Structures are given as C-alpha cells and as structure tokens.
Amino acid sequence: MTLRLIAGLAALALLIAGQANAEGARSKGKVAAAASAESATFATGCYLGARAGHAAVDVGALDANTATFGAALGCDYRISGSQLMIGVVGDVMASSASFGGADIDYSWSGAARGGLLLSESMYLYGLLGYTSMDGSLPAGATLKGLTFGAGLEVMVTKHISLQGEARRIDLGNDTAGAGGADATEIRLGLNWRFGAN
C-alpha cells in the first residue's frame, strides 16, 4: 500500500513537472515570436536587393518574352508618426530578348516610390520613374521611357524583406520606324535592409 502511494505521488509529480515544462516552452515561444514580430518592422533606411522576373516587350508588330535578373539599391523614409513611407530605388536588370534582328541585353531604371504600411511589416506602394533598355539595337533605335507600377513588400526578419512588383514601361515611338513600343515586367525581390530598427 505504501509503495503504491509513493509510486502514485511520483507519477503525479512527474506529470505536474512535465506540464510546467510544456507551459514554460509555450510561453518562451510566444515571447520569442512577439520579439521577432516586433523587430521585423519597416523603418527609415537603405537596402540592397536581388531581383528576378519576366518581361514582355512589344515593339510595333514584334514582341519578345524574356527572363530578367539583376540588382537594386534604394532608400526609404518613414514619415514620423504615420503609416506612410516614401523612397527612391535604382536597378540594373539583365535579359535576353530578341526580335527582328535586335537584342535587348540589359536595362536600367530609377524611380520614386511611396505608399502605405498596411501593418508594421507590410508595405503597399506605387512607383513612378524612367527606364532605358540597351543592347544590339538598329541604328537610330531607342527603347526608353516612363515607368510606373505597384508592389507589395513584407519584412520577414529584422533585416530581410521579400517583395513582388509589376511594372509597365512606355518605351516611346522613336524606335527606328518600328512604331510604338512598351513593356510589362513582373518581378520578385529579396532585400537586405541596413541599420533596420
């Protein structure tokens, strides 16, 4: 009888200890998650990013589709006491578009962007800027013009953010007699933000 009582008390003690350890682990997990969520927030600062995407280029009756990849450098300013953020970004993208004896090897662009923080870690923005595409183009041909678009960027850690973006580029009419030209580009991005928080 005494042995059974001791065994029962020991089992009860082990059960209580196990439950306490589980509660402690859950509590630590919640604290860690809260700390991580708190640190993964947008703040004033600069960033360096990698980009990959797809572009569809239309020049007159000709069109080409190409994968794109490159790098971007930008800075953002969060307006104090608000959910608004503005900034500038520049990028260089490589491509392999070919049509009508012409090749587009790379493009560069500069843009201003601004938008609203939907939460401390989610940024919805629009952009407006300028893009120039270069490569083996016919004499007198140019592919450059106004760029506009929108995107969504999400902080996943204190320094890393992911983004998706869509751009429309009006490449103008000065394309060696080929007529009007434009391009649509979809991009995914990975950014490292310096000095965040």
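Residues numbered from 1 in each chain as written. Predicted model: local features only at pLDDT ≥ 70, side-chain atom pairs only at ≥ 80, totals over all residues. Heavy atoms only, no water.

Here we look at the state of the cysteines
The full count for this structure, using the stated rule, is one disulfide. Two residues, Cys 46 and Cys 75, share a disulfide whose sulfurs are 2.0 Å apart. In this structure, the disulfide formed by Cys 46 and Cys 75 twists by about 95 degrees around the S-S bond and is classed as right-handed. Here Cys 46, found in strand β1 (residues 45–59), pairs with Cys 75, found in strand β2 (residues 62–78); they are 29 residues apart in sequence, far enough to count as distant. (Disulfide = S-S within 2.5 Å. Helix = DSSP H or I, 4+ residues; strand = E, 2+ residues; numbered from the N terminus.)

A look at the nonpolar core
One finds Val 57, Phe 99, Ile 104, Met 133, Leu 143 and Leu 171 to be the most contacted residues of the largest nonpolar core, which totals 13 residues. If you list the elements that add at least two residues to this core, you get β1, β3 (84–99), β4 (102–119), β7 (160–172) and β8 (181–193). In terms of nonpolar packing, the next biggest core, distinct from the first, is built from twelve residues, Phe 42, Ala 72, Tyr 125 and Met 155 among them. (Core = buried A, V, L, I, M, F, W, Y, C linked by side-chain atoms within 4.5 Å. Buried < 20%, exposed > 50% of the residue type's maximum accessible area, 1.4 Å probe, protein only.)

Side note on empty space enclosed by the protein
Under the criterion given, the structure shown has three cavities of 30 Å³ or more. By volume, the largest cavity is sized at about 100 Å³. Lining the largest cavity are 14 residues, with Ala 55, Thr 68, Ser 95, Ser 107 and Met 133 positioned closest to its centre. Residue composition of the lining of the largest cavity, by class: eight nonpolar, five polar and one charged. Lining the second largest cavity, in full, are Tyr 47, Arg 51, Ala 72, Val 89, Asp 91, Arg 113, Gln 163, Glu 165, Arg 167 and Arg 187. Going through the elements one at a time, β1, β3 and β7 are the ones with two or more residues in the lining of the second largest cavity. Tallying contributions element by element places β7 first for the lining of the second largest cavity, with three residues. Class assignment for the residues of the lining of the second largest cavity results in three nonpolar, one polar and six charged. (1 Å grid on protein atoms, 1.4 Å probe; cavity = no way out; pocket = protein on both sides within 12 Å on 5 of 7 lines; lining within 4 Å. Points joined across faces, edges and corners; volume = space filled by probe spheres on them. Nonpolar A, V, L, I, M, F, W, Y, C, P; charged D, E, K, R; others polar.)

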